[in-house]
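So the chains spell out like this:
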Amino acid sequence: MAQSDAGDEEEALRTYASTYSRAERIGRPELKSQVLRNWGLALKEVGEVGPAK
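Residues numbered from 1 in each chain as written. Predicted model: local features only at pLDDT ≥ 70, side-chain atom pairs only at ≥ 80, totals over all residues. Heavy atoms only, no water.

### Quick word on the side chain of N38
Quick reminder of the rule: Helix numbers and strand numbers start at the N terminus; a helix is a DSSP run of H or I with at least 4 residues, a strand a run of E with at least 2. The contact criterion used throughout is that any non-hydrogen atoms of two residues lie within 4.5 Å.
In this structure, N38 sits in helix α3 (residues 29-45). When sequence neighbours within four positions are dropped, the list of residues in contact with N38 reads M1 and Y16.

In structure tokens, the structure reads:
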């Protein structure tokens, strides 16, 4: 979120992708859900509504 707040949306989206991969490896659904929610909100902010859904 800090990267997005600083205006570096591209890096923020890469970080969300990486974080989701780590959450999958950990295997905790609540972590995956939290990452997906925040990633979706970030995608929506940059106008990528389709992937955000």
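That shown, we press on.
### Some thoughts on the confidence of the model for the protein chain
Put simply, the rule is: Per-residue confidence from the predictor is given as pLDDT, running between 0 and 100.
Of the residues in the protein chain, 100% reach a pLDDT of 70 or more, and the chain-wide mean stands at 89. The least confident element of the protein chain is helix α1 (residues 2-5), whose mean pLDDT is 78; the most confident is α3, at 93.

### Details of a negative patch on the surface
Using the following cut-off: A patch consists of residues whose relative accessible area exceeds 30% and which take part in no salt bridge; residues with like charges are grouped when within 9 Å of each other, and nonpolar side chains (Val, Leu, Ile, Met, Phe, Trp, Tyr) when within 5 Å. Areas reported as accessible are Shrake-Rupley estimates using a 1.4 Å probe. Residue values count occlusion only from the protein chains shown. Counted as salt bridges are all cases of a side-chain nitrogen of Lys or Arg within 4 Å of a carboxyl oxygen of Asp or Glu. We treat Lys and Arg as the positive residues and Asp and Glu as the negative residues; His and chain ends play no part in the count. By convention, charge coordinates are those of NZ in Lys, CZ in Arg, CG in Asp, or CD in Glu. Here's how the labels work: a residue is buried when its accessible area is under 20% of the maximum for its type, exposed when over 50%, partly exposed in between, all with a 1.4 Å probe on protein chains only.
Residues D5, D8, E9 and E45 make up a contiguous surface patch of negative charge. Note that D8 resides in the loop between α1 and α2 (9-26). A relative accessible area of 37% places D8 in the partly exposed class.

### Description of the packing of aromatic side chains
Where we set the bar: Whether two aromatic rings pair depends on their centres lying within 6.5 Å, for rings of Phe, Tyr and Trp, where Trp uses its six-membered ring; planes under 30 degrees apart make the pair stacked, over 60 edge-to-face, and the rest tilted.
Inspection of every chain in the model, using the stated rule, returns one aromatic pair. A centroid spacing of 6.2 Å and a plane angle of 45° characterise the contact between Y20 and W39, whose relative ring orientation is tilted. You can see Y20 sitting in helix α2 and its partner W39 sitting in helix α3, a full 19 residues away along the chain.

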